[in-house]
Amino acid sequence: MDEHEVLEMLEEKGVSFKKIPWARYGYVVEDEPIDLGKTVEHMLGLIYIQAPISMVPVEVLNPKPGEKVLDLCAAPGSKSTQIAQFLDGLGVLVANDVSFDRVKALASNLQRFGVLNVIITLMDGRKFPRFARECFDKVLVDAPCSSLGIVSKNWGIARSWNLELAKRLSKLQRQLIIAGFDCLKPGGELVYATCTLTVEENEMVVQYLLERRENAVLKEIDLPSLRYRCGIVEWDGMKLDEELEKTIRIMPYDNWAEGFYVARVLKEGDS
Amino acid sequence: MKPLSPRERRFLENRLRSLYGVEACFNDLVLIKCGRRRIRAATKETMELASRLRGVQQVGLYVMKISDGDISLSVEGSQLLDDEIKDNVIELDEEQVEKWMKAIPIKTEKTYRGRYVVGKFNHLYLGSARVSRNGLLYPQIPKWRRIP
């Protein structure tokens, strides 16, 4: 069943939507007379409901059919299902998470979406390069973060946020980005993403990678008609790598949606 | 997780042929035994990579369950076989589809060969339902994907 047939099915139920210009398969629901999460289409995996900005990292990663792709922090699986759609059944997706409970949700979503070419692993992402070094064409590190970009949805995040938390997460994120990068084949690409806004969890993490891996090069990101701004290169009296301007910050008030940070890193070398 | 042996695969193909009229099934895919009764399907490339990794929990897609020689297809299993399924299919209307996805028993007048039938709505296959002696079909929709 193709995209248009699914859209027709939903239109018959009175759902109206608008194509997201920068997302290959994304639509924003404008009028939802029924609860989409309780429809047959949702239960059969013909549609997947997620916030539009959450689709940005996979759009930037742009997996192609035939590639081997690693989603290092995959649960609950929104981005994994999106990667699977890009792969179109060709290549392999490895969806990993560290939490057993979250892996169960990941497995359900990938089953519902009908993904044949997937391997679900349960492991600390930091250990992945031990047996999968230079194995993947693309790696997504959608790192655990302090989630400041989704405060509008959950005010409790702001109440429990503190700088210590951000610094603690930053340490984990640095280890994850290095692990993800080491799993890349030369010539492969990594996308690092968080849904938070602190420099410690974003630009400083990418800077850490650039300092430790000589063959890590930042690439420009181009998403037409999405409002975003460049990464920060000066913070708290500290000068960061100028190249970090190539990373993007999507502020919640830019698109009246969630906030996100996304960096696209190339591993130089012959593939 | 172990791929089916050629003998086990032949047995499965024969059962699918006699129960659902399926002539060609899962040709390019590896079928994997998962526990005693469950079968998953994956591409060859996926299996190759899985053998190199650690911490593997699942590979590919859950497609069917075998019980006493009968085969219950999952939603995805029936969608993979698609129009290859010729026998033991029940065409559902919109109201029945809702019931099916809520795992509410559906009354049927017809008699079916075997213990399971596959539900179909337009071009969509919805997995198997167990046929009971009292003429009711019990859709085998797992709890986590039922419409509440």
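No experiment lies behind these values; they were computed from the predicted model shown.

Caption draft 1: Molecular detail of the overall build of chain A. The helix and strand tally for chain A stands at ten helices and 13 strands. Scaling as 2.2 N^0.38, a compact globule of 271 residues should have a C-alpha radius of gyration of about 18 Å, and chain A matches this with 18 Å. For chain A, the C-alpha atoms occupy an extent of roughly 55 × 40 × 35 Å along the three principal directions. By the burial criterion, 57% of the 271 residues in chain A qualify as buried. Put simply, of all contacts in chain A between residues at least 6 apart along the chain, 70% involve residues at least 24 apart. Of the roughly 11800 Å² of accessible surface on chain A, a fraction of 49% belongs to carbon and sulfur atoms. Here chain A contributes 33 positively and 41 negatively charged side chains, and the mean placements of these two sets differ by 6 Å.

Caption draft 2: Representation of the interface of chain B and chain A within the structure. Contact with chain B, which involves 35 residues of that partner, is made by 37 residues of chain A. Taken together, both faces of the contact between chain B and chain A bury some 2900 Å²; the carbon and sulfur share is 69%. In this assembly, chain B and chain A are joined by one salt bridge. Of the charged contacts in the structure, one is a salt bridge between Glu 45 of chain B and Lys 68 of chain A, with a shortest N-O distance of 3.9 Å. At the junction of chain B with chain A, the criterion picks out seven residue pairs in polar contact (both at pLDDT 80 or more). Bridging between strand E5 (residues 118–122) of chain A and strand E4 (residues 56–59) of chain B involves three bridges; their strand directions are antiparallel. What sits directly across from Ile 120 of chain A, in E4 of chain B, is Gln 58 of chain B.

Caption draft 3: Representation of the pairing of strand E10 (residues 124–131) of chain B. Residue and element names in this part refer to chain B. Most of E10 is tucked away: seven of the eight residues are buried. Here strand E9 (residues 116–121) pairs with E10 via five bridges, running antiparallel. Residue pairing in the sheet places Lys 120 in a bridge with Tyr 125 of E10. Where E9 folds back onto E10 in an antiparallel hairpin, the turn is made up of two residues, including Asn 122, whose phi is positive at roughly 50°. Where E10 lies against strand E11 (residues 136–139), three bridges are found, and the strand directions are antiparallel. When the sheet's bridge partners are listed, Val 131 is paired in E11 with Leu 137.

Caption draft 4: Quick peek at helix H1 (residues 3–12) of chain A. Within H1 of chain A the residues assigned to the buried category are Val 6, Leu 7, Met 9 and Leu 10 of chain A. One face of H1 of chain A carries all of its buried residues, which in axial projection span an arc of 155°. More than 90 degrees from the buried face of H1 of chain A, the exposed residues found are His 4 and Glu 12 of chain A. Residues of H1 of chain A that are buried make contact with strand E1 (16–19), strand E2 (27–31) and helix H2 (40–43) of chain A together with E10 of chain B. Downstream of H1 of chain A by a residue or two, Gly 14 of chain A has a phi angle that is positive, lying close to 90°.

Caption draft 5: Seen up close, the confidence of the model for chain B. Mean pLDDT for chain B: 93, with 100% of residues reaching 70 or above. Overall fold confidence (pTM) sits at 0.96, and the ipTM for the predicted complex is 0.95.

Caption draft 6: Just helix H5 (residues 100–112) of chain A, in detail. All names here are of chain A. Spanning 13 residues, H5 covers 19 Å between terminal C-alpha atoms, matching the ideal 18 Å at 1.5 Å per step. Looking at H5, one finds that the buried residues are Val 103, Leu 106, Ala 107, Ser 108, Asn 109, Leu 110, Gln 111 and Arg 112. Positive phi shows up at Gly 114, right after H5, with a value of about 70°.

Criteria and thresholds
Residues numbered from 1 in each chain as written. Chains lettered and ligands numbered in written order. Predicted model: local features only at pLDDT ≥ 70, side-chain atom pairs only at ≥ 80, totals over all residues. Heavy atoms only, no water. Helix = DSSP H or I, 4+ residues; strand = E, 2+ residues; numbered from the N terminus. Rg over C-alpha atoms; globule rule 2.2 N^0.38 Å. Buried < 20%, exposed > 50% of the residue type's maximum accessible area, 1.4 Å probe, protein only. Contact = heavy atoms within 4.5 Å. Areas by Shrake-Rupley, 256 points an atom, 1.4 Å probe, with all protein chains shown as cover. Lys, Arg positive; Asp, Glu negative; His and termini not counted. Charge placed at Lys NZ, Arg CZ, Asp CG, Glu CD. Buried area = accessible area lost by both parts, 1.4 Å probe. Salt bridge = Lys/Arg side-chain N within 4 Å of Asp/Glu carboxyl O. Polar contact = N/O pair within 3.5 Å; in protein donor to acceptor, adjacent residues only side chain to side chain. Pairing = 2+ DSSP bridges. Arc of directions from axis to C-beta. pLDDT = per-residue confidence, 0-100. Expected span 1.5 Å × (residues − 1).

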